[in-house]
Amino acid sequence: MSTKQDIQNLEDIKTLVDNFYGKVREDDVLRDIFNNKIQDRWPEHLAKMYAFWQTILLGDHTYFGAPFVPHANLPVNKEHFDQWMELFIETVDELFEGAVADEAKWRAGKMAEMFQIKLAHIRQTGSKNIL
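Residues numbered from 1 in each chain as written. Predicted model: local features only at pLDDT ≥ 70, side-chain atom pairs only at ≥ 80, totals over all residues. Heavy atoms only, no water.

(A) Quick peek at the packing of helix 4 (residues 78-95) against helix 5 (residues 99-125). Viewed as axis vectors pointing N to C, helix 4 and helix 5 meet at an angle of 170°, and their least axial separation amounts to 10 Å. Relative to helix 5, the element helix 4 is oriented roughly antiparallel. Contact residues: helix 4 offers Lys78, Phe81, Trp84, Met85, Phe88, Ile89, Val92 and Asp93, while helix 5 offers Ala101, Ala104, Lys105, Ala108, Gly109, Met111, Ala112, Phe115, Gln116 and Leu119. Looking at the contact of helix 4 with helix 5 residue by residue, the class counts come to 13 nonpolar, 2 polar and 3 charged. (Axes fitted to C-alpha atoms, helices over the stretch in contact; angles between N-to-C directions. Helix = DSSP H or I, 4+ residues; strand = E, 2+ residues; numbered from the N terminus. Parallel < 35°, antiparallel > 145°, perpendicular 65-115°, else oblique. Contact = heavy atoms within 4.5 Å. Nonpolar A, V, L, I, M, F, W, Y, C, P; charged D, E, K, R; others polar.)

Below is the structure:
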C-alpha cells in the first residue's frame, strides 16, 4: 500500500521542482550546463519553474513566457534530454502517484521532444524563426 499522493497544490509543485533541480545540480551530465547558465540565479530560476509547472499541472495561470527561448543556445543534445527525463521521472515517481503525476511525466516528455525538434531545426537551418 502506497502512502504517496498526487500533485495537488503549489507546495507539491515546489517539492517536485526543488528535488528535481537538486538532482540536476549534482548530475554529471547536466550540472555544468545548468550551473554555468544559471550561476547564482537559482532562486529566480526555481521561482520561474514553480510558476511554469503550477500553470501546466494545476491550471493556475502564474507563468507567462516562452519556455523554449532560454534553451535555444544551450549546448545540449539527446543525451542531455534523456538524462533530464530520467531524473524528472525518477523524482516524480519517488514523491507522487496519480493522474497529475502521470500528466507531469507526459508533459515533460512532450516538452523534451518539442525542444529537440526545435533545436535540430535551428542547428540545421540557422533559422531563428521557430523561436
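Moving on from the model shown.
(B) Helix 2 (residues 31-38), seen in detail. All buried positions along helix 2 are accounted for by Ile33, Phe34 and Ile38. Angular distribution of buried residues about the axis of helix 2 spans 100°; they occupy a single face of the element. Packed against the buried residues of helix 2 are helix 1 (10-24), helix 3 (42-58) and helix 4. Count one or two residues on from helix 2 and you reach Gln39, which has phi positive near 55°. (Buried < 20%, exposed > 50% of the residue type's maximum accessible area, 1.4 Å probe, protein only. Arc of directions from axis to C-beta.)

(C) Just the packing of helix 1 against helix 4, in detail. Interaxial distance between helix 1 and helix 4 falls to 9 Å at its minimum, and their mutual angle equals 135°. On the basis of the axis angle, helix 1 is oblique to helix 4. Here the hand of the crossing between helix 1 and helix 4 comes out right-handed. Facing Thr15, Leu16, Asn19, Phe20, Tyr21, Lys23 and Val24 of helix 1, the residues of helix 4 in contact are Trp84, Leu87, Phe88, Glu90, Thr91, Val92, Glu94 and Leu95. When its residues are assigned to classes, the contact of helix 1 with helix 4 shows 9 nonpolar, 3 polar and 3 charged. (Left-handed = near helix turned anticlockwise from the far one by under 90°.)

(D) Quick look at the side chain of Gln54. Following the sequence through the fold, Gln54 ends up in helix 3. At 2.9 Å, the side chain of Gln54 forms a polar contact with the side chain of Thr62. When sequence neighbours within four positions are dropped, the list of residues in contact with Gln54 reads Leu10, Ile13, Gly59, Asp60 and Thr62. (Polar contact = N/O pair within 3.5 Å; in protein donor to acceptor, adjacent residues only side chain to side chain.)

(E) Spatial organisation of the packing of aromatic side chains. All chains considered together, the criterion is met by 8 aromatic pairs. Summarising the aromatic geometry, the rings of Trp53 and Phe88 are spaced 5.1 Å apart at their centres and angled 25° between planes, so their arrangement reads as stacked. With Trp53 in helix 3 and Phe88 in helix 4, this residue pair connects regions lying 35 residues apart in the sequence. Accessibility expressed as a relative area gives 2% for Phe88, which makes it buried. Ring geometry for Trp84 against Phe88: centres 5.5 Å apart, planes inclined by 5°, an arrangement best described as stacked. Of this pair, Trp84 and Phe88 both sit in helix 4, separated by 4 residues, roughly a single helical turn. Joined through ring pairs, the aromatic side chains of Phe20, Tyr21, Phe34, Trp42, Phe52, Trp53, Trp84 and Phe88 make up one cluster. (Phe/Tyr/Trp six-rings, centres within 6.5 Å; stacked < 30°, edge-to-face > 60°.)

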